[in-house]
Each structure stands twice: as C-alpha cells, then as structure tokens.
Amino acid sequence: MNLIYEPWPWYISGIAIALIMLLLQLSGKKFGMSSNLRTLCTMCGAGKQVHFFRFDWKAQRWNLVVVLGAIIGGYIAANFMTNENAVLINSNTIEHLKTLGFESAGTAYLPLELFETRVFYSPKTLIILFFGGLFVGFGARYAGGCTSGHAISGLSNLQLPSLIAVVGFFIGGLIMTHFLFPLIF
Amino acid sequence: MRTLFYLIIGILFGITMYKSEAASWFRIYEMFRFEAFHMYGIIGTALTMGVVSTFIIKHYNIKSFYGESIKFIPKEKGFTRYMLGGIIFGLGWALAGTCPGPMFTLLGAGFLPISIAIIAAILGTLIYGILREKLPH
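Residues numbered from 1 in each chain as written. Chains lettered and ligands numbered in written order. Predicted model: local features only at pLDDT ≥ 70, side-chain atom pairs only at ≥ 80, totals over all residues.

**Student:** Would you mind going over the overall build of chain A in detail, with residue names and values included?
**Tutor:** Within chain A, the secondary structure is distributed over eight helices and zero strands. Ordered by position in the sequence, the α and β elements of chain A form the string α-α-α-α-α-α-α-α. Its C-alpha atoms give chain A principal-axis dimensions of about 50 × 40 × 35 Å. When the 185 residues of chain A are sorted by exposure, 49% land in the buried category. Within chain A, residue pairs in contact and separated by at least 24 positions form 42% of the contacts whose partners lie at least 6 positions apart. (Helix = DSSP H or I, 4+ residues; strand = E, 2+ residues; numbered from the N terminus. Buried ≥ 20, exposed ≤ 12 C-beta atoms within 10 Å, placed from the backbone. Contact = placed C-beta atoms within 7 Å.)

What follows is the structure, given as structure tokens:
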C-alpha cells in the first residue's frame, strides 16, 4: 500500500476524517462544511435583504480558510499524489453505468460525460450540475447540515435530528439513483 | 498562526476527500446502489472514532488548544426540516455526486464544471434563506 500514490482504503480514509474532526473539536470549532455556503451569501451582501444571512460572518472566517485548504488539498492530491486516476468501482456498477451512457465508468475519477470541460457547451449537462448543486445547497441549509455536519459530527454527538437527516439523505439519494437516473440519462 | 492551522486542516481534508475517493461521483453512485462497502466503511470508521472522541471530550471535560471549554450545541428538536431537507439534499448529492466539502476539492483538482454546482449550491442556500419563514420546520 502506497499512501502517496495509491487510493486510500476505507479505514485509512475514515481515520483521517475522524482526526480532522478531532483537530477541529480541540480547536473549539465544529466540523461542518455547508455553513460556508451561508457565510458566502452573507459576504455577498444577502444580509441586507434577508434576516437569515444577518450574522457576523467574520466569526466564520476560520471555516472559509478550511475551504481554501480543501481546494489546495484537491490540487495537491490530483497533481502530485496520483498515478492512476481511475476509480475502481464494482464491475456491476460499471456495467450498469454503461447502459446509462457513462462510457468513462471505471476509467476516470469523475464521469467525463458530466465533468469534462466540453460540458460547458452542453446545456443538458449544465442543467444537471446546476440542479444537483441547487438541491445540495438548499437541502443542506433546510436540514441544518450536510454529510460532515450531520452524518459525521452530528451522529458522533448522538443527535437524533442528525439521524433523521441522514435517513433523509439516503431516501433522496436512493430515489435519484434508482428512479430518476433512468429518466434523466 | 491560527489561520495557518486551519489552512493545514483544510489541506488535509482536501487530500483526504480526494484520496479516499469520497469526492468521486462514481463512489457516491456505487454507494447508493449498495454495490460496495467502501463509502460505508469510510463513514462507519469516522463515525465510530467520532463517537468515542466526542464522548471522551465531554466526559473528561477536555479543554481546547486555547484553554477554552469545548461546547457541543445540541441540534434543535424537530422532524420535518430534517427529513424534507435531508431528502432534497440526498437528491442533489446523488445527482451531482458531491457534497459541500468535496465540491471545493474537485475545483482544486481541476474539474472546472463543478463550479456550476458550487454557484448553484450558494444560490440554493440563498433561496432557502429567502423562503425560510414560509417553509415547514
């Protein structure tokens, strides 16, 4: 196992996420990424019109720095810590994706059909990415958190609301994957 | 100094999201088809360790690096907002194959179309803020 160039196994990945949360806890902060989307709205002046965005965003600056780090981390990992981009998912999953038209399944990090630069010329793909992002942003704030805030830190603190939210995440994800994908793709 | 510390945490987070493949659309799709243990293993490991570390911090009243007491604010009680918001989030998570942390990692990794999803996620947050008083919580 080469942790620099090969993909990390699940247990290394899980331990790393737990350590990141622990470092934030020991700094007196909360592990939650979607709050940054609200902070960005406030920074753009949304607080002038909408009460929900009226708060001191400077108190959240630390979390924006974490986001900046997440961008830099992605750059480092993709450019200096990767020999082979392909994500080796289950061969059944690959077969199924091919029936939906995802020819890049099993050969790339992300489906090229959705994330190659040429999709900027494909209105359908842009609409898919737009609505995906819109639901993520709206849903995360409505539910009061996302994967990090509910599934990891909320459940770690044994919060029932987080469990309800995570059940919701899965209901939504299963509906999309099993019922809506065949209609969309 | 503190800023540098948060930057390093963020970089570690970004590297972890990329190298764990939790930032890969394919892994999210595979997870929702229950065809691999990978994502469940990641979340399960992080959660198990998180439950223990959170318990220890609370039980022994461990102080932060800066000597302050560590507060865990309980989530507000409720059902509707968590279930409905969760379902909407899940629909987006499966469609875009990314959540609010990894989307920034993917931007750094050079997948520029993810910027559409990021802008839309900020817009979605804004729409929630505007509609908040009218939504059932």
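Past the structure itself, the notes keep going.
**Student:** Please provide a residue-by-residue account of the overall build of chain B, values included.
**Tutor:** Counting its secondary structure elements, chain B contains six helices and zero strands. N-terminal to C-terminal, the α/β element order of chain B is α-α-α-α-α-α. Counting across all 137 residues of chain B, residues that qualify as buried make up 54%. Within chain B, residue pairs in contact and separated by at least 24 positions form 42% of the contacts whose partners lie at least 6 positions apart.

**Student:** Provide a residue-level description of unusual backbone geometry, including the pertinent values.
**Tutor:** All names here are of chain B. In this structure, Glu-21 is a non-glycine residue whose phi angle is positive, near 70°. Taking the number of C-beta atoms within 10 Å as the measure of exposure, Glu-21 has 24 and is therefore buried. Even without glycine at this site, Phe-34 takes up a positive phi of about 55°.

**Student:** Could you give me a rundown of the interface of chain A and chain B, with the residues and numbers involved?
**Tutor:** Taken together, the contact pairs 104 residues of chain A with 102 residues of chain B. Elements represented by at least two residues in the side of chain A that touches chain B include exactly helix H1 (10–26), helix H2 (35–43), helix H3 (61–80), helix H4 (91–99), helix H5 (112–115), helix H6 (123–143), helix H7 (147–156) and helix H8 (160–184) of chain A. The residue inventory of the side of chain A that touches chain B, partitioned by class, reads 72 nonpolar, 30 polar and two charged. (Nonpolar A, V, L, I, M, F, W, Y, C, P; charged D, E, K, R; others polar.)

**Student:** I'd love a proper account of the nonpolar core, names of residues and values included.
**Tutor:** Counting 92 residues, the largest nonpolar core has Phe-89, Met-103, Ala-117 and Ala-121 of chain B as its most contacted members. Once residues within four sequence positions are removed from consideration, Ala-117 of chain B is found in contact with Leu-129, Gly-132 and Gly-133 of chain A together with Ala-96, Thr-98 and Met-103 of chain B. (Core = buried A, V, L, I, M, F, W, Y, C linked by C-beta atoms within 7 Å.)

**Student:** Break down H8 of chain A for me, with residues and values.
**Tutor:** Over its 25 residues, H8 of chain A runs 34 Å from end to end, which matches the ideal 36 Å to within 8%, given 1.5 Å per residue. Bending of H8 of chain A peaks at approximately 35° at the position of Thr-177 of chain A. For H8 of chain A, the set of buried residues is Pro-161, Ser-162, Ile-164, Ala-165, Val-166, Gly-168, Phe-169, Gly-172, Gly-173, Met-176 and Thr-177 of chain A. For H8 of chain A, the secondary structure elements touched by its buried residues are H6 and H7 of chain A together with helix H2 (25–32) and helix H4 (80–96) of chain B. (Expected span 1.5 Å × (residues − 1). Bend = angle between axes of the 7 residues up to and from the residue.)

**Student:** Can you lay out the packing of H6 of chain A against helix H6 (residues 114–131) of chain B for me, pointing to particular residues and giving the numbers?
**Tutor:** Contact geometry of H6 of chain A with H6 of chain B gives a least axis separation of 6 Å together with a crossing angle of 40°. By the angle between their axes, H6 of chain A is oblique relative to H6 of chain B. Crossing handedness for the pair H6 of chain A and H6 of chain B: right-handed. Of the residues in H6 of chain B, those touching H6 of chain A at Leu-126, Leu-129, Phe-130, Gly-132, Gly-133, Leu-134, Phe-135, Val-136, Gly-137, Phe-138, Arg-141 and Tyr-142 of chain A are Ile-116, Ala-117, Ile-118, Ile-119, Ala-120, Ala-121, Ile-122, Leu-123, Gly-124, Thr-125, Ile-127 and Tyr-128 of chain B. Tallied by class, the residues present in the contact of H6 of chain A with H6 of chain B amount to 18 nonpolar, five polar and one charged. (Axes fitted to C-alpha atoms, helices over the stretch in contact; angles between N-to-C directions. Parallel < 35°, antiparallel > 145°, perpendicular 65-115°, else oblique. Left-handed = near helix turned anticlockwise from the far one by under 90°.)

**Student:** Describe the environment of Leu-26 of chain A, listing the residues and the values that go with them.
**Tutor:** With respect to the element layout, Leu-26 of chain A can be found in helix H1. Its 16 C-beta neighbours within 10 Å are what place Leu-26 of chain A among the partly exposed residues. Setting aside residues up to four positions removed in sequence, Leu-26 of chain A forms contacts with Ser-64 and Phe-65 of chain B.

**Student:** Outline the packing of H3 of chain A against helix H5 (residues 102–109) of chain B, listing residues and values.
**Tutor:** The N-to-C vectors of H3 of chain A and H5 of chain B enclose an angle of 45°; their axes lie 7 Å apart at closest approach. By the criterion of interaxial angle, the relationship of H3 of chain A to H5 of chain B is oblique. Like other packed secondary-structure pairs, H3 of chain A and H5 of chain B cross with a definite hand, here right-handed. Contacts between H3 of chain A and H5 of chain B involve Val-67, Ala-70, Ile-71, Ile-72, Gly-73, Gly-74, Tyr-75, Ala-77 and Ala-78 of chain A from the former and Phe-104, Thr-105, Leu-106, Leu-107, Gly-108 and Ala-109 of chain B from the latter.

**Student:** Describe the environment of Lys-58 of chain B, naming the residues involved and giving the relevant values.
**Tutor:** Residues and elements named next belong to chain B. Structurally, Lys-58 is set in helix H3 (residues 38–59). The exposure class of Lys-58 is partly exposed, given the 13 C-beta atoms found within 10 Å. Taking the C-alpha atoms as reference points, Lys-58 and Tyr-40, 18 residues apart in sequence, are found 26 Å from one another.

**Student:** Could you give me a rundown of the confidence of the model for chain B, with the residues and numbers involved?
**Tutor:** Taken over all residues, the pLDDT of chain B has a mean of 97, while the share at 70 or more is 100%. The complex prediction reports pTM at 0.97, with the ipTM value standing at 0.96. (pLDDT = per-residue confidence, 0-100.)

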